[in-house]
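An overview of the molecular structure
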Amino acid sequence: MASGPILQKAIDMVTKATEEDRNKNYEEALRLYEHSVEHFLHAIKYEAQGDRAKDSIRTKCMQYLDRAEKLKTYLAKSKKKPVKAGEDSSKSEDKKSDSGDSDTDSDPEKKKLQTKLEGAIVIEKPDVKWSDVAGLDGAKEALKEAVILPLRFPHLFTGKRIPWKGILLFGPPGTGKSYLAKALATEANNSTFFSVSSSDLVSKWLGESEKLVKNLFELARQHKPSIIFIDEVDSLCSSRSDNESESARRIKTEFLVQMQGVGTDNDGILVLGATNIPWVLDSAIRRRFEKRIYISLPEEPARVVMFKLHLGNTSHTLVDEDFKKLASMTEGYSGADISIIVRDALMQPVRQVQTATHFKKVRGPSPKDNSIIVDDLLTPCSPGDPAAIEMNWMEVPGDKLFEPPVTLKDMLKSLSTTRPTVNEEDMSRLDKFKADFGQEG
């Protein structure tokens, strides 16, 4: 089974938990068991490949959860001896719940559903900062208003001044809605971030889908302050109709109740939705998203920043005027389209190396250590160059290749073969929705 960074972290954590358990440091062992299970569930979602690998991890999780429950019961009855690891829980009085135990401990079905949903908690922060998001100042301010400010200055949000409970990000595909959510997950350090899709909440078993929705919100209340991010929210909350299935109707009804129903306490919880087709949302769901922010196609200054961000520290010869020229030529392109243009342009020097028949010696930083300048590097050149040496890329030593820089010509070549993905029909429908229900982001 391949071990990704999250899975490896979970393995290290459970090893330490076992060691603390043996040393009778039960509180620390309990904390490590619970955190390791969260990491294992996250690994199942993002790293484990194949049903056998996933089943193996789930089996281990159940063992660790069982031991964690025994430790939790012991710690609640601190005067009694701990249950031995591996002891049958049905034979121990310590497994009986105290009167102060939560409903989750006494309801195995509820615990099973919440354990399934814990895989949606984003443990490893995406490392995307506000500064990495070009433009979209209105959307960033609204998210800071809803999450960052209440965490930092809670005394500002008392009485009638309360933070937003629901924010909908809508706009053409590829404009940065999910990227904004990643930035929020990184910047909201003290919040629990749930990243949810329809696959996390839709079940083939009758009645389980709405229970998953209910338990998602209950889990968010337990871990608040919390952010529930639902990508492609239209797949879960489209307009109700007579033709839809009973299970789909129940999911929507449960969403309505949990987001703003009688008897629900959503203080400290933000529901953040993202969609490319907001006009299909049910009107009642739309109302519960108090702020509806239009994430538009990037303006020219934002496109300049995007070209620079996507190039990063790759060697290139472009100057500010070149970036402005590229930005002016990409009217109607989304951020994702610009990313594809730059990625294709970054491959042009690689193609140049592959097709070159002649190379010449140049002076430049060593591929192994940029701080060392060497004189015998090889870079592609034209056959007519006075210093040209006839050879192909297979004959160039791996540590002697000098990477040709990306040029404006490379960018223009990639731009000529990449078309925008957003059409006028979608834009007109989005503009109409913005005029009726939204605000500019």
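Residue indices follow the written sequence of each chain, beginning from 1 at its first position. For this predicted model, a pLDDT threshold of at least 70 governs which residues receive local features, and a threshold of 80 or more governs which side-chain atom pairs are given and counted, while totals over whole chains, interfaces and linings are taken from all residues. Excluding hydrogens and water, the side-chain figures rest on all heavy atoms present in the structure.

In the annotation of an unreviewed UniProt entry, the entry for the protein reads vesicle-fusing ATPase, and the organism field reads Trichogramma kaykai. UniProt positions are given in the numbering used here, feature names are shortened, and annotations may be inferred rather than shown by experiment. In the Sequence similarities (unreviewed entry) part of its UniProt record, the protein is described as follows: "Belongs to the AAA ATPase family." Its UniProt record gives the protein a comment under Subcellular location (unreviewed entry), which states: "Late endosome membrane".

With that settled, the discussion passes to the pattern of salt bridges. Salt bridges are identified by distance alone: a Lys or Arg side-chain nitrogen within 4 Å of an Asp or Glu carboxyl oxygen. What the rule picks out here adds up to 12 salt bridges. Put simply, Glu331 and Arg303 hold a salt bridge, and the shortest N to O gap is 3.2 Å. Taken as a pair, Glu331 in the loop between helix H13 (320–329) and helix H14 (335–355) and Arg303 in helix H12 (residues 300–311) lie far apart in primary sequence, 28 residues in all. Only protein chains enter the accessibility calculation, which uses a 1.4 Å probe; a residue whose area is less than 20% of its type maximum is buried, one above 50% is exposed, and one in between is partly exposed. When its relative accessible area of 1% is taken as the criterion, Arg303 is described as buried. Close ionic contact of Asp344 with Arg351 constitutes a salt bridge, the shortest N to O distance being 3.0 Å. Taking relative accessible area as the criterion, Asp344 reaches 21% and is therefore assigned partly exposed. On the basis of relative accessible area, Arg351 is assigned to the partly exposed category, the value being 33%. Put simply, DSSP H or I for four residues or longer makes a helix, DSSP E for two residues or longer makes a strand, and each gets a number counted from the N terminus.

Even without being glycine, Glu232 reaches a positive phi, approximately 50 degrees. With respect to the element layout, Glu232 can be found in the loop between strand E3 (226–231) and helix H10 (246–260).

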